[in-house]
Amino acid sequence: MTLKDLAAHIATEFRKRFGHPPRWIVAAPGRVNVIGEHTDYNDGFVLPMAIERYAIMAADTAVVPGKITIYDTQFKETALIDLSTPITKAQPKWSNYIRGVLAGFQNRGVRIPALNVAFLSTVPIGGGLSSSAALEVCTATLMEAATGRTMDPIEKALLAQKAEHDFAGVPCGIMDQFISALGREGHLLLLDCRTQKTELVPMSDPSVEMLVINTNVKHELGSGEYAKRRAECEQGARILSVASLRDATADQLEKCKAKMSNVVYRRARHVIGEIERTIHAAEWVRQSNWQGVGTLMYSSHASLRNDYEVSCKELDIVVDIAGGIGCAGGVYGCRMTGGGFGGCCVALVKTGAADAIAGKIEADYKAKTGIEANVFSSRPAAGATIIKS
Ligand code: GLA
C-alpha cells in the first residue's frame, strides 16, 4: 500500500471507531541499514535507508479529558494511557513504545492533550526493520501535530531512542530513530554517530533497487545478546585505551591482540572494519558503483557472521542464495540488516531482475529451510511526516 492509500485506510478505521473523521494523520517509516552494522553505539558511521513501510496514526482530541485511547486496528486491541500522573510502563506491551515517547514530552514540560488514536503498522514486527523506532517516531510526530510544539528532528530522534532504552529495555544506538525521523525520499542517510552529523546520499539511479528479504525467523534484541555485544566493544575500547572503537585502527588492534580475549578481538575487528566499509560504501553509492557497494555488503555480512556472531543459519542461507545468483543474475550484494539473530536481509539488485530474484530466493529458501520468506522491494522513502494537520 502506498502512503496515500494507507492514510485513507487509517482515516476510515478512525471514523469507524470514533464516529468522525480524524483531525491529524502522521506516519513514520521503518528502515533497512544498507551497511554499518553494530557501529552506531561505537560512535561510528551507519548508512540506513527509510523504507516504504510505515507506522501510521490518525487522531483527534478526545471529549473526555485525562486519557489517551489508542486503538491498534491490526490486532484489535486498545491501550488506555492515563495522563493525570507521570506516564510509566504498563500493558499492553506495545503501548510502552508510545508511553515512553509521551513520557519524554511530559519531561519537557509539554501538556499532552487527551486524544483518540487509531494506529496501524506495515513494518513487520520483530523483523529487524525498526518497527519499534517507527512507532516511537510516529508518536513523537503526532505529539508535534497535536501540541503545536515542533521539535528539531535530532531532538525527536533522541527522545524516541530514550523511550526505547527506558520503556522497552533495549540499549539501542541512535540509527533507527534517526533514519525514521530524518530520512529523505531518494536518499540514504550517512550518519556520523559521534557528532550526530548527517549527510543525505542521493540514491535515485532507477537501474537499482533494494530488496528486503524477511527470513521470518524472529529477532529479539531484548534477549541480552545485544547488550553483551555492547559490553564487549566497551571492553575492547578500554584495552585499546580509546574512548570508543571509532578511535582505533586495525594496526592498533593487531598490536594489542595479545592483551584481549579472542572474542573481544573479533568484536573489535568487526567494528573497525565495518566503519571503514561504511565510509567507502557511501562514496560508491554517490558514484553509482554498485558492484563496489555490493562487494562491501558481502564483506559486512561475513564479518557479522564470523567475528560479531549476530547472524543465524537462515540469514546465511539467504546471503548464499543471493551470492549464487550473483551479478550475472542481477544481484550486486546482500547482507543481514539490523541487530541480527534473525529478521531480514537486504539485497542490492538490478531493477529489471528484481522479480525473478525475489522468486528464486523465496523458492530456494523454502526448499532449504521449510520456511516461507517474504520479499519486497523499496525505494528510499521519506522520514516522518504530518500527512493531515
Ligand atoms: C538495532 C539497534 C541499532 C543498531 C543495530 C545494529 O537495530 O536498534 O541502534 O545498533 O541494531 O546495527
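Refer to the preceding data block for the structure.
What this report covers is the structure whose coordinates are included nearby. Everything quoted here is computed from the prediction, not taken from an experiment.

**Quick notes on the overall build of the protein chain**
The helix and strand tally for the protein chain stands at 11 helices and 12 strands. A compact globule built from 389 residues should have a C-alpha radius of gyration of about 21 Å, and the protein chain, at 21 Å, falls within 12% of that. Judged by the C-alpha coordinates and their principal axes, the protein chain covers about 65 × 50 × 40 Å. Classification of the 389 residues of the protein chain by burial places 58% in the buried group. By sequence separation, contacts in the protein chain at least 24 residues apart represent 72% of the contacts at least 6 residues apart. Working note: accessible area of the protein chain is about 15,300 Å², and carbon and sulfur atoms make up 51% of it. Looking at charge distribution, the protein chain has the averaged site of its 43 positive side-chain charges lying 3 Å from that of its 41 negative ones.

**Topic: the sheet that holds strand E8 (residues 208-214)**
One key point about sheets: their strands pair by backbone hydrogen bonds, in either a parallel or an antiparallel sense. The four strands lie next to each other as E9-E10-E8-E11, forming an open sheet whose pairing is antiparallel. In this open sheet, the two edge strands, each paired with only one partner strand, are strand E9 (331-337) and strand E11 (374-378). Ignoring strand direction, the axes of neighbouring strands in this sheet form an average angle of 20°. Relative to strand E10 (residues 344-350), E9 runs antiparallel, the two sharing six bridges.

**Concerning the site of the ligand**
In the vicinity of the ligand, 13 residues are found, and the nearest of them are Glu37, His38, Asp40, Asp176 and Tyr226. Histidine 38 has a polar backbone atom sitting 2.7 Å from an oxygen atom of the ligand. Within the contact set of the ligand, an oxygen atom lies 2.6 Å away from a side-chain nitrogen or oxygen of tyrosine 226. For the ligand, whose accessible area on its own is 310 Å², the fraction buried by protein is 97%. The pocket occupied by the ligand, as judged from atoms lying within 2 Å of grid points, is the largest cavity. Broken down by class, the residue content of the shell around the ligand amounts to five nonpolar, four polar and four charged.

**Things to note about empty space enclosed by the protein**
Taken as a whole and assessed by the stated rule, the structure comprises three cavities of 30 Å³ or more. In this model, the largest cavity occupies a volume close to 120 Å³. Lining the largest cavity are 17 residues; nearest its centre among them are Arg31, Asp40, Met175, Asp176 and Tyr226. With three residues, the top contributor of residues to the lining of the largest cavity is helix H5 (residues 175-182). The residue inventory of the lining of the largest cavity, partitioned by class, reads six nonpolar, seven polar and four charged. Each pocket or cavity is described by its volume, and for the second largest cavity that value is around 40 Å³. At the level of secondary structure, the elements contributing two or more residues to the lining of the second largest cavity comprise strand E3 (67-72), helix H2 (95-107) and helix H3 (131-147).

**Regarding the packing of helix H8 (residues 262-286) against helix H9 (residues 290-306)**
Contact geometry for H8 and H9: axes closest at 10 Å, N-to-C directions at 165°. Considering the angle they form, H8 stands roughly antiparallel to H9. Crossing of H8 over H9 shows left-handed handedness. Contacts between H8 and H9 involve Arg266, His270, Glu274, Arg277, His280, Ala281, Trp284 and Val285 from the first element and Trp290, Gly292, Val293, Leu296, Ser299, Ser300, Ser303, Leu304 and Asn306 from the second. Class assignment of the residues belonging to the contact of H8 with H9 gives a composition of seven nonpolar, seven polar and three charged.

**Here we look at the state of the cysteines**
Under the definition given, this model contains zero disulfides. Of all cysteine sulfurs in the structure, the one in cysteine 172 sits closest to cysteine 138, which takes part in no disulfide; the separation is 17 Å. Taking the relative accessible area as the measure of exposure, cysteine 138 reaches 0% and is therefore buried. Summary of cysteine pairing: cysteine 312 is not part of a disulfide, and the nearest cysteine sulfur, belonging to cysteine 345, is at 8.2 Å.

About the criteria used
- Residues numbered from 1 in each chain as written.
- Predicted model: local features only at pLDDT ≥ 70, side-chain atom pairs only at ≥ 80, totals over all residues.
- Heavy atoms only, no water.
- Helix = DSSP H or I, 4+ residues; strand = E, 2+ residues; numbered from the N terminus.
- Rg over C-alpha atoms; globule rule 2.2 N^0.38 Å.
- Buried < 20%, exposed > 50% of the residue type's maximum accessible area, 1.4 Å probe, protein only.
- Contact = heavy atoms within 4.5 Å.
- Areas by Shrake-Rupley, 256 points an atom, 1.4 Å probe, with all protein chains shown as cover.
- Lys, Arg positive; Asp, Glu negative; His and termini not counted.
- Charge placed at Lys NZ, Arg CZ, Asp CG, Glu CD.
- Pairing = 2+ DSSP bridges.
- Axes fitted to C-alpha atoms, helices over the stretch in contact; angles between N-to-C directions.
- Near = heavy atom within 4 Å.
- Polar contact = N/O pair within 3.5 Å; in protein donor to acceptor, adjacent residues only side chain to side chain.
- 1 Å grid on protein atoms, 1.4 Å probe; cavity = no way out; pocket = protein on both sides within 12 Å on 5 of 7 lines; lining within 4 Å.
- Sits in = over half its atoms within 2 Å of the grid points.
- Nonpolar A, V, L, I, M, F, W, Y, C, P; charged D, E, K, R; others polar.
- Points joined across faces, edges and corners; volume = space filled by probe spheres on them.
- Parallel < 35°, antiparallel > 145°, perpendicular 65-115°, else oblique.
- Left-handed = near helix turned anticlockwise from the far one by under 90°.
- Disulfide = S-S within 2.5 Å.

Honestly, that's just the spatial picture; any functional story needs more than this.
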